[in-house]
Amino acid sequence: MKMLIEMMPERAGHLELTGLPECERQTLPGVISQRACMLYGARWMIAAIRDVVHLIHGPVGCAYYSETVRKKNYRVFSTALGEKEIVFGAGQKLEDAIREAVSLRPRSSAVLVYTTCAVGLIGEDVEAICKQASASLGLPVVPVNCPGFGGVSQGKGHDVAAAALLEHFIGRGPAGPPLENSVNILGEFDVQGDLKEIEHLLQRLGLNIICAVSGRATVENMARAHRARLNIVHCGRTGRWLAQKMEERFGIPWRKVSFFGLAETAAALQAIAAFFNRPGEAAWVEKEAEAARQRALPYLRRLAGRRVALFFGASRMGSMARAFGELGMEVVLCGSQFGCQEDYTESRRCLGRGTPMIDDAHQRELEEFLHRYRPDLLVGGTRERFMAHKMGIPFLVFPQETSPYAGFNGFVNMAREVAALVGAPVWRLGNSGFSRKEGEEMVAKYVRYMERGINENERSSL
Ligand code: SF4
């Protein structure tokens, strides 16, 4: 494998066929990494918190960059620092911006101030300014210290944002005994309605969600989160640390589960039912899993034996590899921009030996892989989309942009969408003998699908 993807000597250990790739290292200077900055990592973790002001303290470009997270646009404020503030100090501008943002959003329960590279370099005492503003405004003004250059990847931004939530919001409400049948979900971002699917399944077990960090987090429900009986960790990279700290601080036990794929969803529900000592209530789980498999069957037939390469986030690698296995697809590459040791260990457990794993792959390595292996599908982030399309390889963005993939219904959605993508005739244009006009029509249809999801009529015509 290493012979087939030409690796720079310094990167050789980042590709592994049987063991774990080297990870959590600084990207080599000069390499066009697919990673994001620490600010973006923090935004990824907490952008969805609704009732707070999100203030990006830095040049306006940082605000523009961090406005869209998981294809969703969020309202952010910016101090829009210019040359003058970089030279003479930006403290006054920050104070003014906090006040102005709160006056524009008077019902906000808190202010989150994200620091950026410029602020990290000029060394402003952002914490002191936030404390002062907090005292005068009478609401929490919390610094999230995430200058883009910090850490080796966006992963550090996840950690810093989680720490800010723990220190300033989680468990700030009145003490009290655990609330019956209550859970938190940590590392769940409600992508395209995933959280609703999960909530529906938990409700069938008789459980209520107090707080989902951060897909449905508010200042009020984070303050009550310490009263949950169980923390369910969905994304390990963004939820595990928080779960460990909440166990230390509030004594809340936690379970790492996944709601992607039939087997993982069934195992998750059974583990949660067992925790609440009600195994009988999970009896419907197997039935639901089988019913979903039957609904997905027409798509599974089309996908059997197809080859898929995965390259995205971090801790969803293993569970998504399993889910693609359930679609009947062979995983031929599994990689991440910023996976940690735990992520790769878990993924290797799911993949077994022999499937190549790659860490922090850069564009040339991915291109080379696609050229030589021609998988039937590449699953990745937005950055990899156009590379795959230019090479005539079907591409699925993950986290997904169309419908929920979590839970049993989500698995059927995933099967339907992957089958439509892989089977679209547009990919056969190169050797099909279609006329130019026919080709253009197919491309237009495909682009429509990519932009707003597919409906039943369109699917039959693709
Ligand atoms: S790397 Fe620095 S300058 Fe660039 S977006 Fe991130 S925080 Fe802003």
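How each quantity is defined
Residues numbered from 1 in each chain as written. Predicted model: local features only at pLDDT ≥ 70, side-chain atom pairs only at ≥ 80, totals over all residues. Heavy atoms only, no water. Axes fitted to C-alpha atoms, helices over the stretch in contact; angles between N-to-C directions. Helix = DSSP H or I, 4+ residues; strand = E, 2+ residues; numbered from the N terminus. Parallel < 35°, antiparallel > 145°, perpendicular 65-115°, else oblique. Left-handed = near helix turned anticlockwise from the far one by under 90°. Contact = heavy atoms within 4.5 Å. Nonpolar A, V, L, I, M, F, W, Y, C, P; charged D, E, K, R; others polar. Salt bridge = Lys/Arg side-chain N within 4 Å of Asp/Glu carboxyl O. Buried < 20%, exposed > 50% of the residue type's maximum accessible area, 1.4 Å probe, protein only. Polar contact = N/O pair within 3.5 Å; in protein donor to acceptor, adjacent residues only side chain to side chain. Patch = residues over 30% accessible without salt bridge, like charges linked within 9 Å, V, L, I, M, F, W, Y side chains within 5 Å. Areas by Shrake-Rupley, 256 points an atom, 1.4 Å probe, with all protein chains shown as cover. Phe/Tyr/Trp six-rings, centres within 6.5 Å; stacked < 30°, edge-to-face > 60°. Pairing = 2+ DSSP bridges. Expected span 1.5 Å × (residues − 1). Domains from an automatic or database assignment. Buried area = accessible area lost by both parts, 1.4 Å probe. 1 Å grid on protein atoms, 1.4 Å probe; cavity = no way out; pocket = protein on both sides within 12 Å on 5 of 7 lines; lining within 4 Å. Points joined across faces, edges and corners; volume = space filled by probe spheres on them.

Engineer: Looking at this model, I keep getting lost on the packing of helix H11 (residues 262–275) against helix H12 (residues 283–303). Mind explaining?
Structural biologist: The geometry of a pair of packed helices is captured by two quantities: the angle between their axes and the separation between those axes. Look at H11 against H12: their axes get within 10 Å of each other, and the N-to-C directions meet at 165°. Taken together, H11 and H12 sit at an angle that is classed as roughly antiparallel. The chirality of how H11 crosses H12 is right-handed. Two secondary-structure elements touch here, H11 through Leu-262, Ala-266, Leu-269 and Gln-270 and H12 through Trp-284, Val-285, Glu-286, Ala-289, Ala-292 and Arg-293. A class-by-class count of the residues in the contact of H11 with H12 yields seven nonpolar, one polar and two charged.

Engineer: Looking at this model, I keep getting lost on the pattern of salt bridges. Mind explaining?
Structural biologist: Enumeration according to the criterion identifies 19 salt bridges in this entry. A salt bridge links Glu-288 to Arg-204, with the shortest nitrogen-to-oxygen separation between them at 3.1 Å. With Glu-288 in helix H12 and Arg-204 in helix H8 (residues 194–204), this pair connects stretches of sequence that are 84 residues apart. Each of Lys-71, Arg-385 and Glu-401 takes part in one network of salt bridges that share partners.

Engineer: I'm lost on the environment of Thr-116 in this one. Help?
Structural biologist: Position of Thr-116 relative to the elements: it lies in the loop between strand S6 (110–115) and helix H5 (117–122). Overall, Thr-116 belongs to the buried group, its relative accessible area being 1%. On a C-alpha basis, the gap between Thr-116 and Phe-189 in space is 23 Å, while along the polypeptide they are 73 residues apart. If we skip the residues at most four places from it in the chain, Thr-116 touches Leu-39, Ile-56, His-57, Gly-58, Pro-59, Cys-62, Pro-147 and Gly-148. Within the structure, Thr-116 has its side chain in polar contact with the backbone oxygen of His-57 (distance 2.8 Å).

Engineer: Explanation requested: a nonpolar patch on the surface in the structure shown.
Structural biologist: A surface patch of nonpolar side chains, about 340 Å² in accessible area, is lined by Ile-86, Val-87 and Phe-88. Overall, Phe-88 belongs to the exposed group, its relative accessible area being 71%.

Engineer: What is the right way to look at the packing of aromatic side chains in this model?
Structural biologist: What describes a pair of aromatic rings is the distance from one ring centre to the other and the angle between the planes of the rings. This model, assessed by the stated rule, comprises six aromatic pairs. Ring plane angle 45° and centroid distance 6.4 Å describe the contact between Tyr-40 and Trp-44, whose orientation is recorded as tilted. Here the residue Tyr-40 and the residue Trp-44 both occupy positions in helix H1 (residues 38–46), the gap between them amounting to four residues, near one helical turn. Ring plane angle 15° and centroid distance 4.7 Å describe the contact between Phe-369 and Tyr-373, whose orientation is recorded as stacked. Taken together, the residues span about one helical turn, with Phe-369 and Tyr-373 both in helix H15 (residues 363–373) at a distance of four residues.

Engineer: Teacher, can you tell me more about the packing of H11 against helix H17 (residues 407–423) here?
Structural biologist: As a packed pair, H11 and H17 sit with axes 9 Å apart at the nearest point and diverge in direction by 175°. With respect to H17, the element H11 is oriented roughly antiparallel. Mapping the contact onto sequence places Leu-262, Thr-265, Ala-266 and Leu-269 in H11 and Gly-407, Phe-408 and Phe-411 in H17. Looking at the contact of H11 with H17 residue by residue, the class counts come to five nonpolar, two polar and no charged.

Engineer: Explain the sheet that holds strand S7 (residues 141–144) to me, please; I cannot follow it from the model alone.
Structural biologist: Strands pair in a sheet through their backbones, by hydrogen bonds, and they do so in one of two ways: parallel or antiparallel. Read across the open sheet, the four strands follow the order S5-S2-S6-S7; overall the sheet is parallel. For this open sheet the edge positions go to strand S5 (77–78) and S7, each flanked by a neighbour on one side alone. With two bridges connecting them, strand S2 (residues 52–57) and S5 associate as parallel partners. Residue Ile-56 lies in a different strand from S5, and its bridge partner there is Ser-78. Against the sheet, helix H6 (residues 126–137) makes contact with S2, S6 and S7, and its axis sits at roughly 165° relative to S7, the strand it touches most.

Engineer: Just checking my understanding: could you explain helix H7 (residues 154–168) for this structure?
Structural biologist: Since one α-helical turn is 3.6 residues long, residues separated by three or four positions face the same way. Its 15 residues place the ends of H7 22 Å apart at the C-alpha level, agreeing with the 21 Å of an ideal helix rising 1.5 Å per residue. For H7, the complete set of buried residues consists of Gln-154, Gly-155, Gly-157, His-158, Val-160, Ala-161, Ala-162, Ala-164, Leu-165 and Leu-166.

Engineer: Explain H15 here, please?
Structural biologist: All of the buried residues in H15 are Glu-365, Leu-366, Glu-368, Phe-369, Leu-370 and Tyr-373. In this structure, the buried residues of H15 make contact with strand S12 (307–311), strand S13 (330–336), strand S14 (357–359), strand S15 (377–380) and helix H16 (382–390). Of the residues trailing H15, Arg-374 is marked for its positive phi of about 40°.

Engineer: What's the story with the domain arrangement of the protein in this structure? I'm lost.
Structural biologist: How big an interface is tends to be expressed through the accessible area that disappears when the partners come together. When cut into domains, the protein gives domain 1 (38–152), domain 2 (182–284) and domain 3 (291–461). If you look at the interface, domain 2 gives 26 residues, while domain 3 gives 29 residues. For the pair domain 2 and domain 3, the summed buried area comes to about 2100 Å², and 59% of that belongs to carbon and sulfur atoms. The tally of links from domain 2 across to domain 3 stands at three salt bridges. The closest approach of N and O atoms between Arg-240 and Glu-342, which form a salt bridge, is 3.1 Å.

Engineer: Looking at this structure, how should I read the layout of surface pockets?
Structural biologist: Sizing a probe to match a water molecule and rolling it over the atoms shows the empty space that remains. By volume, the largest pocket amounts to about 850 Å³. Residue lining of the largest pocket: 32 residues in total, with Tyr-40, Trp-44, Arg-70, Thr-382 and Pro-399 positioned closest to the centre. Those elements that provide at least two residues to the lining of the largest pocket are H1, helix H2 (60–65), H7, helix H10 (236–250) and H16. In the lining of the largest pocket, the residues fall into 15 nonpolar, 10 polar and seven charged.

Engineer: Explanation requested: the sheet that holds strand S1 (residues 15–16) in the structure shown.
Structural biologist: On the basis of which strands lie adjacent, the open sheet formed by six strands has the order S1-S14-S13-S12-S15-S16 and mixed pairing. For this open sheet the edge positions go to S1 and strand S16 (395–397), each flanked by a neighbour on one side alone. As judged from the five bridges shared by S12 and S13, these two strands associate in the parallel manner. Considered in S13, the bridge of Val-308 is made with Val-331.

Engineer: Teacher, can you tell me more about empty space enclosed by the protein here?
Structural biologist: In total, this model carries two cavities of 30 Å³ or more according to the counting rule given. In this structure, the second largest cavity encloses a volume near 30 Å³. Every residue lining the second largest cavity is listed: His-158, Asp-159, Ala-162, Arg-237, Thr-238 and Trp-241. Among the elements of the structure, H7 and H10 are those that each provide at least two residues to the lining of the second largest cavity.

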